Amino acid sequence: MKIGLYFGTFNPVHIGHIVIANHLVQYTDLDEVWMVVTPHNPLKKKKGLLEDFHRLHMVNLATADYDHIRPSDIEFTLPQPNYTTNTMAYLHERFPKHEFALIMGEDNLDSLPKWKNYEVLLEQYKIYVYPRLDRDRVEESPLMQHPHIVRVENAPVMEISATFIRRAIKEGKNVQPLVDKEVWKYIDHNLFYKK
């Protein structure tokens, strides 16, 4: 089985994440997309991050109706901070019959050289790259020409960010259209992102 790994803090998971994951399952050769909830991205600050189990639960809620999109807590048991290269090695060992690939936005491809052992990732795994709205304004990454980079064509461009959602909730705005209905209920019930 060919599995695309969509890493993120998902703080919170929103419809943009689900639209992208679904597009990849429907329009590429990936059989499944695993949404890997990351306890801590080494390139991001940890402040304001909800507890791991809350973010995993929201991904569970958001993916419940999708047969080929699954939540994953695989990084919860790995040493912190999490490095993708370590996670990939662990998954390869644990699921030797699966073929794994990475999923990332075009903007993240630019920062790939900052990742630990990024050359190993490029050599051993395909990386599915979906477009961003501002792609015409930035110079294309030279990495886009690498043979293991798969450009995801005709993907819906979703300019929704978890940062925007958290800020909007704090300001008392209605963000219900931007998140799954059950995810919104969970956020609202627990008063997440209000402070």
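Residues numbered from 1 in each chain as written. Predicted model: local features only at pLDDT ≥ 70, side-chain atom pairs only at ≥ 80, totals over all residues. Heavy atoms only, no water.

The topology assignment puts threonine 63 in helix 2 (residues 52-63). Judged by its relative accessible area of 4%, threonine 63 falls in the buried class. In this view, threonine 63 contacts Ile18, Met35, Ile69 and Pro71; residues no more than four positions away in its chain are not counted. (Helix = DSSP H or I, 4+ residues; strand = E, 2+ residues; numbered from the N terminus. Buried < 20%, exposed > 50% of the residue type's maximum accessible area, 1.4 Å probe, protein only. Contact = heavy atoms within 4.5 Å.)

This paragraph deals with unusual backbone geometry. Residues asparagine 11 and proline 12 are joined by a peptide bond in cis, for which omega reads 5°. Following the sequence through the fold, proline 12 ends up in the loop between strand 1 (2-8) and helix 1 (15-27). In the segment running from glutamine 80 into proline 81, the intervening peptide bond is cis, with an omega of -10°. Tracing the sequence through the fold places proline 81 in the loop between strand 3 (69-72) and helix 3 (84-94). At phenylalanine 10, a residue that is not glycine, the phi angle is positive and equals roughly 50°. Residue asparagine 154 is not a glycine yet carries a positive backbone phi of 55°. Examined against the element boundaries, asparagine 154 turns out to sit in the loop between strand 6 (149-151) and helix 6 (162-170).

Quick look at empty space enclosed by the protein now. Inspection of the entire model under this criterion finds one cavity of 30 Å³ or more. The calculated volume of the largest cavity comes to roughly 40 Å³. A class-by-class count of the residues in the lining of the largest cavity yields four nonpolar, three polar and no charged. (1 Å grid on protein atoms, 1.4 Å probe; cavity = no way out; pocket = protein on both sides within 12 Å on 5 of 7 lines; lining within 4 Å. Points joined across faces, edges and corners; volume = space filled by probe spheres on them. Nonpolar A, V, L, I, M, F, W, Y, C, P; charged D, E, K, R; others polar.)

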